[in-house]
Amino acid sequence: MSFFKRLKESIASKTEAVTNKFKDGLAKTRDAFVGQVTDLFTRRKKIDEAFFEELEEILIGADVGVNTVMELIEDLRDEVKKRRIEQPSELQPILSEKLVGLLTDSGESAQLKMNPNGITVILFVGVNGVGKTTTIGKLAHRFKQEGKTVLLAAGDTFRAGAIEQLQVWGERVGVEVISQQAGSDPAAVMYDAVQAAKQRGVDVLLCDTAGRLQNKANLMEELSKIYRVIQREIPSAPHETLLVLDAATGQNALQQAKLFGEKSGVSGLVLTKLDGTAKGGIVIAIRREMSLPVKFVGLGEKMDDLQQFDAEQFVHALFAGLAEEQPTGEEQ
Ligand SMILES: Nc1nc2c(ncn2[C@@H]2O[C@H](COP(=O)(O)OP(=O)(O)O)[C@@H](O)[C@H]2O)c(=O)[nH]1
Ligand SMILES: [Mg+2]
């Protein structure tokens, strides 16, 4: 086989693998969403009020968010008029196109901002149980695969279990974890971790934090102290502050995004547990209502179940199978 053919095949198989990851992870959303959309687009023979009402319900049911759905429906109505569309099936590609548009319109990239000359520090924030520690483990694995050296900081000192959990990930991935005992000051852990990162000359420092929401004022105070300590040691850091949100909590995730986003210098979002929900439309609602880029999505509990967010692949995976599932009109 020629070099170019091999290269082409390897690129194709990589793209395929990424698309398949999205496809698998979005299976629940797709099954619910595509099932209903397919049914709607095939059952209804013309585009009328009833058609739009039903589409509206499906989109709201997938947690796309009421405001966004209203805008989307208005847009589709305009397109129908402008392009003189009559068949529902002609509208489906336009719907996908609009969804991609909603996810990409601000033009920010899902690329992480890396420090070009030194340690890149990434801080993870978010309420308990959303998947911060797991995401850190997955991302550490990702960086290691890229040949980067990584250090983890166990900044969730609130529970002993949280420190151990990060250590388990550290062992699994093969990266060192800087920790102190449970109950110690998280800012002190961060100080230690930055010193250790400097001494070892690592490329990336990933910092875990606690997320007790019941004490919001304290939590914000704690986060800004961590922020200051890191910044004092590395003035350009943290290079990213990623807010982790559990997609399965739907509109709740959006509320958390608003709550954190305003205060803690968040630079990007991670949406976890998309594999466990039929309401993956929340990605669109969050993308639409927050001016923050979605950097990664979590599609499972394993080490490689983290994908860099890609709007086109996301929508493509959402609609994957739609074309095949549409009856051709021939009897089987
Ligand atoms: N299915 C699924 N589970 C996840 C994902 N991310 C995290 N989890 C699970 O969610 C639970 C809470 O995660 P954890 O990282 O401890 O959350 P933290 O409290 O924010 O640090 C754990 O059981 C994880 O395995 C994901 O993308 N998909
Ligand atoms: Mg944790």
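Residues numbered from 1 in each chain as written. Chains lettered and ligands numbered in written order. Predicted model: local features only at pLDDT ≥ 70, side-chain atom pairs only at ≥ 80, totals over all residues. Heavy atoms only, no water.

Student: So what exactly am I meant to see when it comes to the site of ligand 1 here?
Tutor: Lining the immediate surroundings of ligand 1 are 17 residues, of which G129, K132, T134, D275 and E301 lie closest. Within the contact set of ligand 1, a nitrogen atom lies 2.7 Å away from a side-chain nitrogen or oxygen of D275. In the model, an oxygen atom of ligand 1 is placed 3.2 Å from a nitrogen or oxygen of the G300 main chain. When the free accessible area of ligand 1 is taken as 580 Å², the share hidden by the protein chains comes to 81%. Per-element accounting of the shell around ligand 1 gives the leading share, four residues, to helix α6 (residues 132-145). Its residues assigned to classes, the shell around ligand 1 comprises three nonpolar, nine polar and five charged. (Near = heavy atom within 4 Å. Polar contact = N/O pair within 3.5 Å; in protein donor to acceptor, adjacent residues only side chain to side chain. Areas by Shrake-Rupley, 256 points an atom, 1.4 Å probe, with all protein chains shown as cover. Helix = DSSP H or I, 4+ residues; strand = E, 2+ residues; numbered from the N terminus. Nonpolar A, V, L, I, M, F, W, Y, C, P; charged D, E, K, R; others polar.)

Student: Hey, could you run me through unusual backbone geometry in this one?
Tutor: Peptide bonds are trans in most cases, and residues, glycine excluded, mostly fall at negative phi. The omega angle of the peptide bond from A237 to P238 is -10°, so this bond is cis rather than trans. Inspection of the secondary structure assignment puts P238 in the loop between α9 (216-233) and β5 (240-246). Unlike most non-glycine residues, D63 shows phi in positive territory, near 65°. Among the structural elements, D63 can be located in the loop between α3 (49-61) and α4 (66-83). One non-glycine residue, K273, adopts positive backbone phi at about 60°. Locating K273 in the fold gives a position in the loop between β6 (268-272) and α11 (282-289). With a relative accessible area of 33%, K273 lands in the partly exposed category. (Buried < 20%, exposed > 50% of the residue type's maximum accessible area, 1.4 Å probe, protein only.)

Student: Would you take a moment to explain the pairing of strand β7 (residues 294-298) for this structure?
Tutor: For a regular strand, side-chain orientation follows a simple rule: the groups alternate between the two sheet faces. When you tally the buried positions in β7, you get five out of five residues, the bulk of the element. Pairing of β6 with β7 involves three bridges; the strand directions are parallel. Looking at the pairing, V270 lines up with F296 of β7. Tracing the backbone out of β6, into α11 and back to the parallel element β7 gives a crossover that is right-handed. Of the pairings in the sheet, the one linking β7 to strand β8 (residues 306-308) comprises three bridges and is antiparallel in character. By the bridge assignment for β8, F296 is matched with Q308. (Pairing = 2+ DSSP bridges. Right-handed = clockwise from strand over helix to strand, strands pointing away.)

Student: What's the story with the nonpolar core in this structure? I'm lost.
Tutor: Grouped together as the largest cluster of nonpolar side chains are 104 residues, with contacts concentrated most on L91, L205, L206 and F314. In terms of residue count, helix α5 (residues 88-104) provides more of this core than any other element does, seven residues in total. Ignoring any residue separated from it by four or fewer positions in sequence, one finds L205 in contact with I119, T120, V121, I122, L151, L152, A153, A193, V194 and A197. (Core = buried A, V, L, I, M, F, W, Y, C linked by side-chain atoms within 4.5 Å. Contact = heavy atoms within 4.5 Å.)

Student: Where do I start with the packing of aromatic side chains in this structure?
Tutor: How two aromatic rings sit relative to each other is given by the distance of their centres and the angle of their planes. Scanning the model with the defined rule gives three aromatic pairs in all. Ring geometry for F51 against F52: centres 5.6 Å apart, planes inclined by 75°, an arrangement best described as edge-to-face. Considered together, F51 and F52 belong to a single accessibility category, that of buried residues. The rings of F41, F51 and F52 are connected pair by pair, giving a single aromatic cluster. The ring centre of W169 lies 4.3 Å from the NZ or CZ of R172, which sits over that ring. (Phe/Tyr/Trp six-rings, centres within 6.5 Å; stacked < 30°, edge-to-face > 60°. Lys NZ or Arg CZ within 6 Å of the ring centre and 35° of its normal.)

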